[in-house]
Amino acid sequence: MLYDAYEVQRSLLAGASTLANIGAGWMQNPVNPFAYSHMGPIVASALDVFAHASAPRGKPAFGLGTTMVEGKTVPVVEDVVLKKPFGQLKRFRREGIEGGPRLLIVAPMSGHYATLLRGTVERMLPGHDVYITDWRDAKLVPAEAGRFDLDDYIDYLIAFLEYIGPGAHVLAVCQPSVPCYAAAAVMSADKNPARPKTLTMMGGPIDTRQAPTAVNSMATERPHSWFQRNVIATVPYSYPGAGRAVYPGFLQLAGFMTMNLGNHLQSHWEMFRHLIDGDGESADSTKEFYDEYRAVCDMTAEFYLQTVDVVFQRHLLPKGEMMHRGRRVDPAAITDVAILAIEGERDDISGMGQTKAALDISTSLPDEMKQYHLANGVGHYGIFNGSKWRERIAPVVEQWIARHGG
């Protein structure tokens, strides 16, 4: 009933959003005398904020039509080069540009679409042949496509790297740090020629026992059965994935919004004030952020529950006990994949030390193939988006790739 109740609420809010949008337009119409009153702009701004906050959202577009390469504007074409039921491999092809380090950016499967990393892709495009994992919304995957769990996630990563070919580099943002590390270990143990040259992990939960955050505490304070009973829902029959058990994206979003509720309320209050003052540019900047932030998708129940168990409750990877298809994921198997661990000083999702732990467990990797970078004054989102990512963190990643066979 949880998902059905949400769908009813979403439909009602969609209608209310439309009415509020119409009302805001009417309150600003030059032919409306009330638009020139003291209350006119205030009411119009309030309706505008409500309309934006309650509007339904689908999958955003990357919208990266061009990039700059050596001072020249180059068209960019998005190609889906490998398609699988629960995700596809997308390439951003720079027309007329050949070569450059091949970089697989692994987007989180944590309730948001891969477009959350638009800024990450945009920054790396000028100097790299960029691919990204474009995960599908689980409610749109028909039940006959079967299951998708953490083992499948690792298999997908291996398949994507094998398609790209030997010599690629991997950049994992947050959640995929664990499966990316596991894939690198499995491929190294198998001497797979497509294993990556470098693996960069940013804000990833390799060992959540280090500096646990509110996210980590929530996962450890409750038994596994609690998550099964309280956060798993069934996809309604109005979607292609009807009957599939999922962790709904709207629950994930609610959790993240609640964690920093004061900041989100302040952002909307500032947007309201910008609209009243006629500062549409500042208001639009806030709207663009929330358009992306509120666009959420579902995860399969088996993937979510296995991740909670393996990563957050039993910490199997740093203990050397993680299994993949009946085989132990052995960190010592990694001997020639250069690892860069990046953390944000103010990260409230993955605490300091959680990503750095990847360097400690890679006991067979030479020291010169390990590097740690702490981004001072940077929160979780700022690790991979915004000016600090573009100006301070991305150059570190670029230098690491260039140093190790880029």
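Small disclaimer: the values here were computed from a predicted structure and weren't measured. (Residues numbered from 1 in each chain as written. Predicted model: local features only at pLDDT ≥ 70, side-chain atom pairs only at ≥ 80, totals over all residues. Heavy atoms only, no water.)

1. Concerning the overall build of the protein chain
Broken down by element type, the protein chain carries 14 helices and 14 strands. Expressed as a percentage of the 406 residues in the protein chain, the buried residues total 53%. Within the protein chain, contacts between residues separated by at least 24 positions form 77% of all contacts whose residues are at least 6 apart in sequence. Just so you have it, the protein chain exposes about 17600 Å², and 54% of that area is on carbon and sulfur atoms. (Helix = DSSP H or I, 4+ residues; strand = E, 2+ residues; numbered from the N terminus. Buried < 20%, exposed > 50% of the residue type's maximum accessible area, 1.4 Å probe, protein only. Contact = heavy atoms within 4.5 Å. Areas by Shrake-Rupley, 256 points an atom, 1.4 Å probe, with all protein chains shown as cover.)

2. Concerning the pairing of strand 6 (residues 169–173)
Strand 6 sits mainly inside the fold: five of its five residues count as buried. Every second residue of strand 6 is oriented toward a common face, with His169, Leu171 and Val173 on one face and Val170 and Ala172 on the other, all of them buried. Here strand 6 pairs with strand 7 (residues 198–202) via five bridges, running parallel. Note on strand 7: the bridge partner recorded for Ala172 is Met201. (Pairing = 2+ DSSP bridges.)

3. Digging into the packing of aromatic side chains
Any pair of aromatic rings gets described here by the distance separating the centres and the angle formed by the planes. Counted under the stated rule, the structure contains 15 aromatic pairs. Through a chain of ring-to-ring contacts, three or more aromatic side chains come together here, namely Phe86, Trp135, Phe148, Tyr153, Tyr156, Phe160 and Phe303. The ring of Tyr156 carries Lys84 above its face, with NZ or CZ at 4.9 Å from the centroid. (Phe/Tyr/Trp six-rings, centres within 6.5 Å; stacked < 30°, edge-to-face > 60°. Lys NZ or Arg CZ within 6 Å of the ring centre and 35° of its normal.)

4. Quick notes on unusual backbone geometry
Although it is not a glycine, Glu70 sits at a positive phi angle of roughly 50°. Considering the arrangement of structural elements, one finds Glu70 in the loop between strand 1 (66–69) and strand 2 (72–84). Look at Glu70 and you get exposed, because its relative accessible area is 79%. Residues other than glycine seldom take positive phi values, yet Ala211 does so here, at roughly 40°. If you trace the backbone, Ala211 turns up in the loop between strand 7 and helix 6 (214–221).

5. Concerning the sheet that holds strand 8 (residues 233–234)
Whether parallel or antiparallel, the strands of a sheet pair through hydrogen bonds between backbone atoms. Across the sheet, which stays open at both edges, the three strands sit in the order 8-9-10 with antiparallel pairing between neighbours. Of all strands in the sheet, those bounded by a partner on one side alone are strand 8 and strand 10 (299–300). Pairing geometry for strand 8 and strand 9 (residues 245–247), over two bridges, is antiparallel. Note on strand 9: the bridge partner recorded for Ala233 is Val246.

6. Let's talk about helix 14 (residues 387–403)
With 17 residues, helix 14 should cover 24 Å at 1.5 Å per step; its first-to-last C-alpha distance of 24 Å lies within 8% of that length. Residue Ile393 marks the point of greatest curvature in helix 14, where the axis turns by about 40°; the proline Pro395 follows within four residues. When we look at burial in helix 14, the residues that qualify are Trp389, Ile393, Ala394, Val396, Val397, Trp400 and Ile401. Against the buried residues of helix 14 lie strand 4 (102–106), helix 3 (118–124), strand 6, strand 7, strand 13 (338–344) and strand 14 (370–375). Looking at the residues trailing helix 14, positive phi occurs at Gly405, about 80°. (Expected span 1.5 Å × (residues − 1). Bend = angle between axes of the 7 residues up to and from the residue.)

7. Concerning the nonpolar core
Judged by nonpolar contacts, the single largest core of 94 residues is most densely connected at Tyr181 and Met322. Once residues lying within four places of it in the same chain are set aside, the contact partners of Met322 are Leu150, Ile154, Val178, Ala182, Val310, Leu316, Leu317, Arg327, Arg328 and Val329. (Core = buried A, V, L, I, M, F, W, Y, C linked by side-chain atoms within 4.5 Å.)

8. Re the confidence of the model for the protein chain
Summarising the model, the protein chain shows a mean pLDDT of 84, and 75% of its residues fall at 70 or more. Confidence drops under pLDDT 50 across residues 47–52; counting only partners more than four residues distant or on other chains, this segment forms 24 contacts. (pLDDT = per-residue confidence, 0-100.)

9. What about the sheet that holds strand 14?
Spatial ordering of the open sheet is given by 1-2-3-5-4-6-7-13-14, a layout of nine strands whose pairing is mixed. Lying at the two open borders of the sheet, with one neighbouring strand each, are strand 1 and strand 14. The mean angle between the axes of side-by-side strands here comes to 25°, regardless of whether they run parallel or antiparallel. Pairing geometry for strand 13 and strand 14, over six bridges, is parallel. Counted as the bridge partner of Leu340 is Gln371 from strand 14. (Axes fitted to C-alpha atoms, helices over the stretch in contact; angles between N-to-C directions.)

10. Remarks on the environment of Ala159
Summarising the element assignment, Ala159 is placed in helix 4 (residues 150–164). Here the alpha-carbon distance between Ala159 and Leu89, two residues 70 residues apart in the chain, equals 9.6 Å.

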